[in-house]
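Reading the structure
As a plain string of letters, each chain reads:
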Amino acid sequence: MIRSHIMPRPSYLDFDNNSYPWKPDVDYRKHPEIYRVGKGEQGVLICEPYKSEIGKYWRFKTPEIARESSDKIFELFEQYLAKGDFVGADMSRKYLQMGYTRARRYANYKGGKKYDADHNYQQLERGTGETAKAEAAKIFYDKWKAAEANESYTIQKRDWKKKYG
């Protein structure tokens with residue numbers, strides 16, 4: 001069954017790469033001043049070297065894998081904070097958030113596909129996904145919220161946004 005009344009087309013179809021502030025050719029450890037917090041998960045799959053350091057642990061296929069993955073990413077989050085590496089901490093937080101959102105998509109939609117590219121990107125039927133992914137999403141959600149509640153992170157994020165955006 002196909003639904004089309006919620007969103008006629010996914011936003012990524014009109015994506016403007018030139019105006020996107022995160023660039024794949026920047027080393028954000030060497031040039032942290034270029035990093036922007038942005039909204040949600042923006043830049044998470046672009047910002048090196050963090051993408052490579054954190055992304056290799058990002059998995060959510062089963063609740064057990066999600067628990068191991070989120071524990072490791074949260075550990076990296078804490079290590080980055082302890083070293084005063086806000087960019088690494090924020091990227092870790094973004095991976096935790098993305099673990100939640102992607103697992104939820106697979107919980108909601110069969111195969112994680114929300115839109116039907118063959119039918120003018122109409123939204124597919126919700127509620128056809130895997131129940132195990134809902135549990136994986138909850139595991140990531142709890143770690144994501146724990147990261148956001150970290151007082152040191154909250155202060156650093158506020159200060160970073162004031163200084164850099």
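Preceding this paragraph is the structure being described.
Conventions used here
- Residues numbered from 1 in each chain as written.
- Predicted model: local features only at pLDDT ≥ 70, side-chain atom pairs only at ≥ 80, totals over all residues.
- Heavy atoms only, no water.
- Helix = DSSP H or I, 4+ residues; strand = E, 2+ residues; numbered from the N terminus.
- Expected span 1.5 Å × (residues − 1).
- Buried < 20%, exposed > 50% of the residue type's maximum accessible area, 1.4 Å probe, protein only.
- Core = buried A, V, L, I, M, F, W, Y, C linked by side-chain atoms within 4.5 Å.
- Contact = heavy atoms within 4.5 Å.
- Salt bridge = Lys/Arg side-chain N within 4 Å of Asp/Glu carboxyl O.

**Remarks on helix H3 (residues 86-108)**
In a regular helix each residue adds 1.5 Å, so 23 residues correspond to 33 Å; H3 covers 33 Å between its end C-alpha atoms and thus fits that length. In terms of burial, H3 is largely enclosed, as 17 of its 23 residues are buried.

**Some thoughts on the nonpolar core**
Formed by 34 residues in total, the largest nonpolar core has its most connected members in Tyr 28, Tyr 35, Ile 54, Met 91 and Tyr 95. At the level of elements, helix H1 (50-55), helix H2 (63-82), H3, helix H4 (131-149) and helix H5 (151-163) are the ones that each hand at least two residues to this core. The element best represented in this core is H3, accounting for 8 residues. Residues within four places of Met 91 in sequence aside, it is in contact with Tyr 35, Gly 43, Val 44, Cys 47, Tyr 50, Lys 51 and Ile 54.

**Thoughts on the pattern of salt bridges**
Taken as a whole, this structure holds 10 salt bridges when the rule is applied. Across the pair Arg 93 and Asp 90 runs a salt bridge whose closest N-O atoms are separated by 3.0 Å. Of this pair, Arg 93 and Asp 90 both sit in helix H3, 3 residues apart, which is roughly one turn of the helix. Under the relative-accessibility criterion, Arg 93 is labelled buried at 2%. Residue classification places Asp 90 among the buried positions, given a relative accessible area of 0%. One continuous salt-bridge network, built from bridges that share partners, spans Arg 29, Glu 53 and Asp 85.

**Overview of the environment of Ala 137**
With respect to the element layout, Ala 137 can be found in helix H4. Assessed through its relative accessible area of 1%, Ala 137 is described here as buried. Measuring from C-alpha to C-alpha, the distance between Ala 137 and Ala 103 comes to 4.9 Å, with 34 residues separating the pair along the chain. Once residues lying within four places of it in the same chain are set aside, the contact partners of Ala 137 are Tyr 100, Ala 103 and Arg 104.

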